[in-house]
Amino acid sequence: MRIEDYPEWRETIESLAETGGTTLILGGTDTGKTTFCTLLANATLERGERVAIVDADIGQSEIGPPGCVSLGLPDAPVAALSQIPPARFAFVGATSPRHHLLEHAVAVRQMCDCARSSQPFLLLIDTTGMIQGPAARRLKQSKLTLLQPDHVVAIQQKAECEALLSPLRFSDAAKVHRLPIASVIRKKTPALRAQRRAGRFALYFQNAETRLFQFDEVAMSGTWLNGGSPLPTPQRKTLISLLGVHVFYAEMCDRHLGVITNVMPRDQDHYGLIQEQFRQQALTITPAAKLRHLLIGLADQNGRTVALGTLESLNFRTREIGIFTPLRAASAVKLLQFGIVRVKPDGTEVGANLPGDV
Ligand SMILES: Nc1ncnc2c1ncn2[C@@H]1O[C@H](COP(=O)(O)OP(=O)(O)O)[C@@H](O)[C@H]1O
Ligand SMILES: [Mg+2]
């Protein structure tokens with residue numbers, strides 16, 4: 001990768017490599033954000049300065065696995081960001097921020113805080129291509145507020161980033177650099193993007209094995225599961241007769257009733273009877289298929305994600321959950337962070353839940 005091939009960006013890259021600071025890259029998909037990050041990181045490293053890169057693109061991740069925001073601390077120029085091993089990553093659990101704006105913003109801030117503790121000359125934040133619509137505006141605005149960048153680089157064909165940039169119009173903290181898409185940049189098809197993502201997941205899971213965790217020895221987040229007390233068998237049997245489907249497990253946490261079934265009940269006619277019987281305020285019915293292959297973050301006692309896994313088994317009799325993960329030191333895991341995307345061991349995505357499904 002040679003800067004000479006990107007004459008449209010050269011001046012900005014040279015000037016940013018000289019000034020450093022926190023630099024956020026914005027642009028649609030395939031506008032060259034990651035290429036720009038690589039060129040700028042390399043130019044800065046060549047000057048002998050320290051660089052930290054936060055890869056916030058949870059779909060087309062380069063530094064860590066997809067579904068996470070990763071921090072890379074390169075010590076020499078690289079041909080691609082994917083050559084940088086992740087120093088840390090924070091779990092988001094989705095491969096698009098659309099339904100996970102909060103988790104995404106939190107993870108980006110966590111990784112930037114971590115990056116800043118190593119006092120880099122340049123902190124670069126590469127982002128997803130989600131720039132259109134109200135959700136994108138909310139997310140990018142939150143990132144600007146949370147990260148307080150010194151520089152915002154917007155790569156656009158016409159004016160696609162202007163709605164995101166408008167709140168910065170009178171800002172004297174963030175300097176905006178508008179750049180065109182470099183002529184050598186090529187578009188990837190959605191199929192190729194999915195294939196690249198599957199490849200990144202597969203690479204991450206290549207030496208993984210299924211490890212069992214006891215319900216009573218790990219906390220769980222992003223799910224109702226394991227938050228309350230299991231319903232005794234007679235009550236579970238009542239649910240089976242009221243719902244007309246098999247109930248593997250049910251749990252009451254405060255006034256929320258969570259139920260794992262073999263399939264989704266066909267009609268909701270009996271929900272009133274369940275309410276009468278169980279006095280719950282909210283009811284979540286989770287068909288078991290929504291849990292299968294679910295992406296899970298494995299975190300330590302401080303909530304730091306140490307590895308990724310996928311949910312492969314649940315045994316409600318022995319109260320064990322089986323997670324497919326390359327992590328060896330499983331005893332450090334104290335929190336299982338439930339995501340929404342479901343990924344098979346070969347890296348292919350088999351679906352995604354909506355927040356609240358599990
Ligand atoms: N010099 C180049 N010649 C050919 N293709 C390139 C060159 N530089 C970048 N690309 C391609 O352009 C595509 C989009 O660039 P990328 O930096 O991944 O964009 P974004 O991060 O905005 O999605 C990538 O597939 C990349 O391989
Ligand atoms: Mg990219």
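Quantities reported herein were computed from a predicted structural model and do not represent experimental measurements.

Counting secondary structure elements, the chain contains eight helices and 18 strands. Against the 2.2 N^0.38 benchmark of 21 Å for 358 residues, the chain shows a C-alpha radius of gyration of 23 Å, consistent with a compact globule. Overall, the chain is about 70 × 40 × 35 Å in size when its C-alpha atoms are taken along their principal axes. Within the chain, the proportion of its 358 residues that are buried is 42%.

Let us now look at the sheet that holds strand 3 (residues 68-72). Here we have seven strands laid out as an open sheet, ordered 4-3-2-5-1-6-7, and mixed in their pairing. Single-partner strands in this sheet number two, and they are strand 4 (86-91) and strand 7 (175-179). If you compare each strand with its neighbour and ignore which way they point, the axes differ by 15° on average. As paired elements, strand 2 (residues 51-55) and strand 5 (residues 122-126) share five bridges and run parallel to each other. Bridging across to strand 5, Ala52 finds its partner in Leu123.

Per the domain assignment, the segments of the chain are domain 1 (3-192) and domain 2 (205-358). Here the C-alpha centroids of domain 1 and domain 2 sit 34 Å apart. Across the contact, eleven residues belong to domain 1 and 13 residues belong to domain 2. Broken down by element, the residue count for the side of domain 1 that touches domain 2 peaks at three residues, all from strand 4. Of the residues in the side of domain 1 that touches domain 2, the class split is six nonpolar, five polar and no charged.

This part takes up the nonpolar core. Counting 82 residues, the largest nonpolar core has Leu40, Ile53, Val54, Val69, Leu124 and Ile125 as its most contacted members. Looking at this core, you find at least three residues from each of domain 1 (3-192) and domain 2 (205-358). With sequence-adjacent residues up to four places away left out, Leu40 is seen in contact with Ile13, Leu16, Ala17 and Leu124. If you look at the next biggest cluster of nonpolar residues, it comprises nine residues, including Ala250, Leu257, Val259 and Ile285.

Around ligand 1, the structure places 15 residues, and the nearest of them are Lys33, Thr34, Thr35, Val184 and Ile185. For the shell around ligand 1, the leading source of residues is helix 2 (residues 33-46), giving three residues. Split by residue class, the shell around ligand 1 holds two nonpolar, eight polar and five charged.

With a phi close to 70°, Asn226 is a non-glycine residue in the positive phi region. Structurally, Asn226 is set in the loop between strand 9 (219-221) and strand 10 (229-230). C-beta crowding within 10 Å serves as the criterion here: with 19 such atoms nearby, Asn226 is assigned to the partly exposed category. Although it is not a glycine, Asp254 adopts a positive phi angle of roughly 55°. Look at Asp254 and you get exposed, because 10 C-beta atoms sit within 10 Å.

The strand order across the open sheet formed by four strands is 10-11-12-13, and the pairing between neighbours is mixed. Each edge of the open sheet is held by one strand with a lone partner, namely strand 10 and strand 13 (282-287).

The end-to-end C-alpha distance of helix 4 (residues 134-147), which contains 14 residues, comes to 20 Å, matching closely the 20 Å that a straight helix rising 1.5 Å per residue would cover. Along helix 4, the residues classified as buried are Ala136, Leu139, Lys140, Lys143, Leu144 and Leu147. For helix 4, the buried positions fall inside an angular range of 135° around the axis, keeping them on one side. Relative to its buried face, helix 4 has exposed residues pointing more than 90 degrees away, namely Pro134, Arg138 and Thr145. Among the structural elements, strand 1 (21-27), helix 3 (101-116), strand 5 and helix 5 (162-165) are those in contact with the buried residues of helix 4.

This brings us to the packing of helix 1 (residues 10-19) against helix 2. Across the interface, helix 1 lies against helix 2 with an axial gap of 9 Å and an inter-helix angle of 50°. Accordingly, the angle class assigned to the pair helix 1 and helix 2 is oblique. The chirality of how helix 1 crosses helix 2 is right-handed. Residue-level contacts link Ile13, Glu14, Leu16 and Ala17 of helix 1 to Leu39, Leu40, Ala43 and Thr44 of helix 2. Per-class residue counts for the contact of helix 1 with helix 2 are six nonpolar, one polar and one charged.

Regular strands show a simple pattern: their side chains alternate between the two faces of the sheet. Burial analysis of strand 3 places five of its five residues in the buried class, which makes it a mostly covered element. The sheet contact formed by strand 2 and strand 3 spans three bridges and is antiparallel. Across the sheet, Ile53 pairs through a bridge with Gly72, a residue of strand 3. Of the strand pairs in this sheet, strand 3 and strand 4 are connected by five bridges, and their pairing is antiparallel. The residue bridging Gly72 from the neighbouring strand is Pro86, located in strand 4.

Cut-offs and rules
Residues numbered from 1 in each chain as written. Chains lettered and ligands numbered in written order. Predicted model: local features only at pLDDT ≥ 70, side-chain atom pairs only at ≥ 80, totals over all residues. Helix = DSSP H or I, 4+ residues; strand = E, 2+ residues; numbered from the N terminus. Rg over C-alpha atoms; globule rule 2.2 N^0.38 Å. Buried ≥ 20, exposed ≤ 12 C-beta atoms within 10 Å, placed from the backbone. Pairing = 2+ DSSP bridges. Axes fitted to C-alpha atoms, helices over the stretch in contact; angles between N-to-C directions. Domains from an automatic or database assignment. Contact = placed C-beta atoms within 7 Å. Nonpolar A, V, L, I, M, F, W, Y, C, P; charged D, E, K, R; others polar. Core = buried A, V, L, I, M, F, W, Y, C linked by C-beta atoms within 7 Å. Near = placed C-beta within 6 Å. Expected span 1.5 Å × (residues − 1). Arc of directions from axis to C-beta. Parallel < 35°, antiparallel > 145°, perpendicular 65-115°, else oblique. Left-handed = near helix turned anticlockwise from the far one by under 90°.

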